[in-house]
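Examining the three-dimensional arrangement
Here are the chains, one letter per residue:
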Amino acid sequence: MTHATFAVQSMHPDRAPWDRTKGVPVTRLPSLEEQNNRAHAAYRQVERYIFETEIVPRVTPEIIDEHRVRPIGKHSDDLERVLTYLRKNHLEMKGKYILVCTKPHEEYRIAVITGEPDKPPVLLDDAFTDRFEAEHAIFLKRLRDHGLLDGVTGVSA
């Protein structure tokens, strides 16, 4: 019976096979891997759209300067949207920047999360004596990683 159903399907690929014993069409459900691949593809498509239409136009020298002056606290709507997008790191922990205080009130370093639970974040060479400067340096790194500093004039890295 299965072989006959498959044969009917292959002869008419635009028609779904039919289970005559139950009176319903036979459908093949996608595997969990196929479902996850579809979900990730849809997520990437939405993220790309948000990046191109909502984030790129908002990155200006003004919001970069706003962040430099006040890296922590209340921001303009444009800056807040850019920060939210950049901080989520596309919902992945691997490669996410964090700020690490290596000497209390004296030294702050940027680190990258490895994404492996048993491995600590990797400290980068950048060291700062001021937390606000370190916060702004992370912001600039995130902008640079997304290619958002290209073409923005008047920004000193």
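Along each chain, residue indices are assigned from 1 in the same order as the chain's sequence is written. With pLDDT at 70 or above as the cut-off, local features in this predicted model cover only qualifying residues; side-chain atom pairs require 80 or more to be listed or tallied, and sums for whole chains, interfaces and linings still use all residues. Working from all heavy atoms in the structure, the side-chain values ignore hydrogens and water.

Describing the overall build of the chain
Condition: Numbered from the N terminus, helices here are DSSP runs of H or I no shorter than four residues, and strands are runs of E no shorter than two. Any two residues whose heavy atoms approach within 4.5 Å are treated as being in contact. For accessible areas, the Shrake-Rupley method is used with a probe of radius 1.4 Å. Any residue's cover is judged against the shown protein chains and nothing else.
Within the chain, the regular secondary structure consists of five helices and five strands. Written out in order from the N terminus, the α and β elements of the chain read α-β-β-α-α-α-β-β-β-α. Expressed as a percentage of contacts within the chain between residues at least 6 apart in sequence, the contacts between residues at least 24 apart total 39%. Total accessible area computed for the chain in this model is approximately 11,200 Å², and 55% of it derives from carbon and sulfur atoms.

Considering the environment of E66
Short version of the rule: Buried residues are those whose accessible area, probed at 1.4 Å on protein chains only, stays under 20% of the maximum for their type, while exposed residues exceed 50% and partly exposed ones sit between those limits. Polar contact is defined as a pair of N or O atoms within 3.5 Å, subject to the rule that within protein one atom must be able to donate a hydrogen and the other to accept it, and that residues adjacent in sequence are counted only when both atoms are side-chain atoms.
On the secondary structure map, E66 appears in helix α3 (residues 61-69). Residue class for E66 comes out partly exposed when judged on its relative accessible area of 25%. Filtering out sequence-adjacent residues up to four positions away, E66 remains in contact with H75, S76 and L79. Side-chain polar atoms of E66 contact the backbone nitrogen of S76, separated by 2.7 Å.

A look at the packing of aromatic side chains
Rules: Two aromatic rings, drawn from Phe, Tyr or Trp (for Trp, its six-membered ring), form a pair once their centres lie within 6.5 Å of each other, and the interplanar angle then sorts them: stacked below 30 degrees, edge-to-face above 60, tilted otherwise.
The final tally for this structure, using the stated rule, is one aromatic pair. Note on F51 and Y85: the rings are 5.8 Å apart at their centroids and 35° apart in plane angle, and the pair reads as tilted. Taken together, the residues span a long stretch of sequence, with F51 in helix α2 (residues 32-55) and Y85 in helix α4 (residues 77-87) at a distance of 34 residues. For Y85, a relative accessible area of 6% corresponds to the buried category.

Details of α2
Selection criterion: In a helix, the anticipated span is given by 1.5 Å times the number of residues less one.
Look at α2: 32 Å from first C-alpha to last across 24 residues, which is about the 34 Å you get at 1.5 Å a residue. Considered for burial, the residues of α2 that qualify are E47, F51 and I55. Buried residues along α2 sit against α4.

Brief notes about the nonpolar core
Spelled out, the test is: We define the nonpolar core as a collection of buried residues of types Ala, Val, Leu, Ile, Met, Phe, Trp, Tyr and Cys that are connected through side-chain atoms lying within 4.5 Å of one another.
Grouped together as the largest cluster of nonpolar side chains are 16 residues, with contacts concentrated most on V59, I64, V82, F139 and L143. Mapped onto this core, the elements with two or more residues apiece are α2, α3, α4 and α5 (131-145). Ignoring sequence-local partners within four residues, the contact set of F139 consists of I64, H67, L79, V82, L83 and L86. Core analysis: the second largest hydrophobic core is formed by eight residues, Y97, Y108, A134 and I138 among them.

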